[in-house]
Amino acid sequence: VQLQASGGGLVQTGGTLRLSCAASGGLNGLHTMGWYRQAPGKQRELVASISRSGRTTKYADSVKGRFTISSDNAKNILYVQMTNLNPEDTAVYSCKFETFWNDYWGRGTQVTVSS
């Protein structure tokens, strides 16, 4: 299984970005997908997650109301729409797909929000 994250970049405060994470390979037993981020000098944190069915989502308090996670299960693509970005959102964002047997991580994509 390979995950490819994309969509990061430099944006001004208040701007919008959409990250994508495309998965290839066998994903039998996939149950949860998520976005994580790690800022310089900080621990990696969960930004948002979504169940395979899409019925259950979870967001970090800091992004609630601003970020929306979604997925296209037919194409095995995970998205996160990020709005009203601020400098505290600057980090490397990574995606994770969780199956009942393994966790798969994609390479991160840098998001930088300028003030």
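Above this text you will find the structure in question.
Residue positions within a chain follow its written sequence, with the count starting from 1. Note on the predicted model: pLDDT of at least 70 is required for a residue's local features to be given, and 80 or more for side-chain atom pairs to be given and counted; whole-chain, interface and lining totals, by contrast, use all residues. Heavy atoms from the whole structure form the basis of all side-chain values; hydrogens and water molecules are not counted.

Engineer: Teacher, can you tell me more about the pairing of strand E1 (residues 2-6) here?
Structural biologist: Residues in a regular strand project their side chains so that they alternate between the two faces of the sheet. Burial along E1 is one-sided: Leu-3 and Ala-5 are buried, while Gln-2, Gln-4 and Ser-6, pointing the other way, are not. Note on pairing: DSSP must find at least two bridges between two strands before they are called paired. Secondary structure elements follow DSSP: runs of H or I of four or more residues count as helices, runs of E of two or more count as strands, with numbering from the N terminus. Pairing of E1 with strand E3 (residues 17-24) involves five bridges; the strand directions are antiparallel. Along E3, the bridge assignment pairs Gln-2 with Ser-24. Burial here depends on accessible area, computed with a 1.4 Å probe over protein chains only, as a share of the maximum for the residue type. Under 20% is buried, over 50% is exposed, and the range in between is partly exposed.

Engineer: What should I look at first to understand the packing of aromatic side chains in this one?
Structural biologist: Aromatic ring pairs: the centre-centre distance and the angle between the two ring planes describe each pair. When the centres of two rings from Phe, Tyr and Trp lie within 6.5 Å, Trp using its six-membered ring, the rings pair. Their planes under 30 degrees apart give stacked, over 60 give edge-to-face, and anything left gives tilted. Enumeration according to the criterion identifies two aromatic pairs in this entry. Here the basic side chain of Arg-44 rests over the ring of Trp-105, its NZ or CZ set 3.9 Å away from the ring centre. For a Lys NZ or an Arg CZ to count as sitting over a ring, it must be within 6 Å of the ring centre and within 35 degrees of the ring normal.

Engineer: Is there a simple way to think about the nonpolar core in this case?
Structural biologist: Among soluble globular proteins, nonpolar side chains are generally buried collectively. Counting residues in hydrophobic clusters, the biggest one holds 29 residues, and the most contacted among them are Trp-35, Phe-67, Leu-78, Met-82, Tyr-93 and Phe-97. Elements supplying a minimum of two residues to this core: E1, E3, strand E4 (30-38), strand E5 (45-51), strand E7 (67-72), strand E8 (77-82), strand E9 (91-99) and strand E11 (109-114). Throughout, nonpolar core names a set of buried Ala, Val, Leu, Ile, Met, Phe, Trp, Tyr and Cys residues whose side chains join them through atoms within 4.5 Å.

Engineer: Could you clarify how one ought to interpret the sheet that holds E1 in this entry?
Structural biologist: Note: strands within a sheet are paired through backbone hydrogen bonds, in either parallel or antiparallel orientation. The strand order across the open sheet formed by four strands is E1-E3-E8-E7, and the pairing between neighbours is antiparallel. Single-partner strands in this sheet number two, and they are E1 and E7. Taking each pair of neighbouring strands and ignoring which way they run, the sheet shows an average axis angle of 15 degrees. The sheet contact formed by E7 and E8 spans six bridges and is antiparallel. Note on geometry: axes are lines fitted to C-alpha atoms, helical ones only across the stretch in contact, with angles between N-to-C directions running from 0 to 180 degrees.

Engineer: How should I be thinking about the pattern of salt bridges in this particular structure?
Structural biologist: Two side chains that carry opposite charge are able to pair once their charged atoms sit near each other. Whenever a carboxyl oxygen of Asp or Glu lies within 4 Å of a side-chain nitrogen of Lys or Arg, that contact is scored as a salt bridge. Under the defined criterion, the tally for this structure stands at six salt bridges. Close ionic contact of Lys-64 with Asp-61 constitutes a salt bridge, the shortest N to O distance being 3.1 Å. Like Asp-61, Lys-64 is exposed. A salt bridge links Lys-96 to Asp-103; the shortest N-O distance between them is 3.9 Å. Look at Lys-96 and you get buried, because its relative accessible area is 10%. Residue Asp-103 is classed as partly exposed on the basis of its relative accessible area of 44%. One connected set of salt bridges, linked through shared partners, spans Arg-37, Glu-45, Arg-66 and Asp-89.

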